[in-house]
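Topology and contacts: notes
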Amino acid sequence: GIQVEQSPPDLILQEGANSTLRCNFSDSVNNLQWFHQNPWGQLINLFYIPSGTKQNGRLSATTVATERYSLLYISSSQTTDSGVYFCAVEHGFNKFYFGSGTKLNVKP
Amino acid sequence: GAGVSQSPRYKVAKRGQDVALRCDPISGHVSLFWYQQALGQGPEFLTYFQNEAQLDKSGLPSDRFFAERPEGSVSTLKIQRTQQEDSAVYLCASSLLGGGGNGYTFGSGTRLTVV
């Protein structure tokens, strides 16, 4: 199967700081999504981004499919941004493969 | 409904007990997926339905795991003779179209603990 690697595995930020999370994948993909898993376990869809760049408030994402990576940018981080960020890629029909996540802790 | 609903939220089972986990997808969503998330890991694919048809069950870890979606809406994941290694969060997701083109919406999951 496809390999999905996320970095860094852990990240501690002071409130207000910016950060970049990275997702590398080992093969071509049909789709890519970024999720935020909050402390209660809920997976929230942030971006559906198989290619290109999207922005939503303080968050933005860029996927360069030809180079097999995606980046998630968080600007002016807030404590509510804490949780685990997952990248998931669709490889094959309707089968998403998740990375192991980046655990973010934003301190006040 | 407004979102994907899963029940129960938490389940404690004695080893060897059978359990049934329910997923109620977003109304009208064609595709339904089950994932298993072990502690500290990303979710792993279990199975996929398009309407009532189970098109992919390659991720089910053993024949003790069984999923159904008889009327193309609500789905049940059944685990027979639970083992400690089955302890995990079981996540359900649904998607509007047959492909993943619109992205997935996940439920809050069922946390299964086998003691």
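Refer to the structure above for everything that follows.
Structure report, in brief. (Residues numbered from 1 in each chain as written. Chains lettered and ligands numbered in written order. Predicted model: local features only at pLDDT ≥ 70, side-chain atom pairs only at ≥ 80, totals over all residues. Heavy atoms only, no water.)

1. What about the environment of Tyr73(A)?
Residues and elements named next belong to chain A. Which entries qualify depends on this criterion: Strands here mean DSSP runs of E at least two residues long; helices mean DSSP runs of H or I at least four residues long; both are numbered from the N terminus. For this analysis, residues touch if any pair of their heavy atoms sits within 4.5 Å.
In this structure, tyrosine 73 sits in strand E8 (residues 69-74). Measuring from C-alpha to C-alpha, the distance between tyrosine 73 and asparagine 105 comes to 15 Å, with 32 residues separating the pair along the chain. With residues near it in sequence (within four places) discarded, tyrosine 73 still touches Ser19, Thr20, Arg58, Leu59, Ser60, Ala61 and Thr62.

2. A look at the interface of chain B and chain A
Rules: Accessible area that two parts lose when put together, with a 1.4 Å probe and added across both, is what the buried area reports. In the sections that follow, a salt bridge refers to a side-chain nitrogen of Lys or Arg positioned within 4 Å of a carboxyl oxygen of Asp or Glu. Whenever two N or O atoms come within 3.5 Å, that pair is a polar contact, provided that in protein one can donate a hydrogen and the other can accept it, and provided that, for residues adjacent in sequence, both atoms are side-chain atoms.
Each partner contributes residues to the interface: chain B has 24 residues there, and chain A has 19 residues. Taken together, the two surfaces of chain B and chain A that pack against each other cover about 1,600 Å², and 49% of this comes from carbon and sulfur. At the surface where chain B touches chain A, the tally comes to one salt bridge. Here Asp56(B) and Lys95(A) are joined by a salt bridge, their closest N and O atoms 3.4 Å apart. Joining chain B to chain A, the criterion identifies eight residue pairs in polar contact (both at pLDDT 80 or more). Looking at the side of chain B that touches chain A, the elements with two or more residues in it are strand E4 (31-37) and strand E5 (44-50) of chain B. Ranked by residue count, the leading element in the side of chain B that touches chain A is E4(B), at four residues.

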